[in-house]
Amino acid sequence: MKQLKRISLLLFILLPLSVNAGWFGSDFSADAIQKGPDEKGSRGKMYVGKGRVRTELEGDNGERIVEIIDPSLKKGLLLFPVRKTYMERPMPELQQAVEGSDDGNPCRNIANAQCTLQGQELVNSRNSDKWEIRSGNSVATQWNDAQYKFAVKRVINGKTVMEMKYISNDAISGRYTEKWQAESVSPSGTLMRAVQWYDPELNIAIRQEIAGGHVRELVNIEVAPQPDAMFTVPRGYTKEVLPQH
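Predicted, not measured: the structure shown is a model, and the values here were computed from it.

Draft legend 1. Seen up close, the overall build of the chain. Scanning the chain from terminus to terminus reveals two helices and 16 strands. Out of the 245 residues belonging to the chain, those deemed buried represent 49%. Once local pairs closer than 6 in sequence are excluded, the contacts in the chain between residues at least 24 apart make up 43%.

Draft legend 2. Molecular detail of the environment of Asn144. Among the structural elements, Asn144 can be located in strand S9 (residues 138–145). Residues Asn144 and Arg126, spaced 18 residues apart in sequence, show a C-alpha to C-alpha distance of 9.4 Å.

Draft legend 3. Seen up close, the state of the cysteines. According to the stated counting rule, one finds one disulfide in the structure shown. Two residues share a disulfide in this structure: Cys107 and Cys115, whose sulfurs sit 1.9 Å from each other. Judged by the torsion about the S-S bond (80°), the Cys107/Cys115 disulfide is right-handed. Like Cys115, Cys107 is buried.

Draft legend 4. Layout of the nonpolar core. Counting residues in hydrophobic clusters, the biggest one holds 15 residues, and the most contacted among them are Phe24, Phe28, Met46, Ile204, Ile206, Leu218 and Ile221. For this core, the elements supplying multiple residues, two or more each, are strand S1 (28–35), strand S2 (41–49), strand S14 (204–210) and strand S15 (214–223). With three residues, the single largest contributor to this core is S1. Within the second largest apolar cluster, twelve residues are counted, among which are Ala151, Val152, Trp180 and Ala182.

Draft legend 5. Geometry of the pattern of salt bridges. On inspection of all chains with the given rule, the structure shows 19 salt bridges. In this structure, Glu217 and Arg207 form a salt bridge, with 2.8 Å as the shortest nitrogen-oxygen distance. Here Glu217, found in strand S15, pairs with Arg207, found in strand S14; they are ten residues apart in sequence, far enough to count as distant. Here the two residues Glu217 and Arg207 agree in accessibility, since each one is buried. A cluster of three or more residues bridged by salt bridges with shared partners is formed by Asp31, Arg43 and Lys45.

Draft legend 6. The arrangement of the environment of Leu191 in detail. Note on placement: Leu191 falls in strand S13 (residues 191–199). Ignoring anything within four residues of it in the chain, the contact list for Leu191 reads Glu183, Ser184 and Val185.

Draft legend 7. The environment of Lys50, seen in detail. With respect to the helices and strands, the residue Lys50 is situated in the loop between S2 and strand S3 (52–58). On the basis of relative accessible area, Lys50 is assigned to the exposed category, the value being 62%. Along the primary structure Lys50 and Asp27 are separated by 23 residues, whereas in three dimensions their C-alpha atoms are 6.6 Å apart. Among all residues touching Lys50, those that are not within four sequence positions of it are Asp27 and Asp228. Within polar-contact distance, the side chain of Lys50 engages the side chain of Asp228 at 3.3 Å.

Draft legend 8. Looking closely at the pairing of strand S8 (residues 126–135). When you tally the buried positions in S8, you get seven out of ten residues, the bulk of the element. As defined by bridge partners, strand S7 (residues 114–123) adjoins S8 across eight bridges and the pair is classed as antiparallel. The residue of S8 that forms the bridge with Val123 is Arg126. Summarising the sheet, S8 and S9 pair through eight bridges and their orientation is antiparallel. In the strand pairing of S9, Arg134 is matched with Val139. Count of turn residues in the S8/S9 antiparallel hairpin: two residues, of which Gly136 carries a positive phi of about 65°.

Draft legend 9. Just unusual backbone geometry, in detail. Of note in this structure, Lys84 is not a glycine but carries a positive phi near 55°. Since its relative accessible area comes to 46%, Lys84 is described here as partly exposed. Positive phi outside glycine occurs at Asn203, with the angle close to 55°.

Draft legend 10. Expanded view of the side chain of Glu163. Relative to the helices and strands, Glu163 is located in strand S11 (residues 159–172). Put simply, Glu163 is tucked away with no salt bridge, and the nearest opposite charge, on Lys153, sits 4.5 Å away. Of the polar contacts made by the side chain of Glu163, one reaches the side chain of Asn124; its length is 3.1 Å. Once you skip the residues sitting within four places of it in the chain, Glu163 turns out to touch Asn124, Val152, Lys153, Gln181, Ala182 and Glu183.

Rules used in this analysis
Residues numbered from 1 in each chain as written. Predicted model: local features only at pLDDT ≥ 70, side-chain atom pairs only at ≥ 80, totals over all residues. Heavy atoms only, no water. Helix = DSSP H or I, 4+ residues; strand = E, 2+ residues; numbered from the N terminus. Buried < 20%, exposed > 50% of the residue type's maximum accessible area, 1.4 Å probe, protein only. Contact = heavy atoms within 4.5 Å. Disulfide = S-S within 2.5 Å. Core = buried A, V, L, I, M, F, W, Y, C linked by side-chain atoms within 4.5 Å. Salt bridge = Lys/Arg side-chain N within 4 Å of Asp/Glu carboxyl O. Polar contact = N/O pair within 3.5 Å; in protein donor to acceptor, adjacent residues only side chain to side chain. Pairing = 2+ DSSP bridges. Lys, Arg positive; Asp, Glu negative; His and termini not counted.

In structure tokens, the structure reads:
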């Protein structure tokens, strides 16, 4: 099921800045592109309407696949237009957390966690809200940007696992963005670096350059309401069962 994983990768690789900052801002449509260092890549479409997300991509076998994420329903839909079938799957916890809240509370929609606001501190020259997060035996500290509410630093059990640094204001395809440098450490200890361009109107990073030559971005962005029908299963589709792993 590699093609199913690739859909979510393309969509959510552009969202790190949105986690815990609330869901999207303005409704919009865009072309979604990802390229590797060899310049080969894939292209799809992305639609956002009332917090719901529709992503259209071509699977590994050439079949068109549509993924719909509706945070209010806590589930995702996979549509296969050629076969006129669809599947349902629960949203992973991270995707549920992206729904966020206006106060930036990291514990919103995260089960069995407790968050305590501990005041404000300056992190990388940005005023930030400091949160303590307790889940089981794990204790984490997270600093959310006071203006945008997304995480700019996260420390788990004394180790920094994520940090964001504001670089400058920038413009991409005529849109105002803010350029940020991101560093994160994977569970295996691998350090990952990226540069991201955050669009405050859309509340999303619309471009990301990852060390090694990987680029993911949204282009041809059009801000406009999207029809409700785009985020539901069309009539005549038959439900399939998602394969178990």
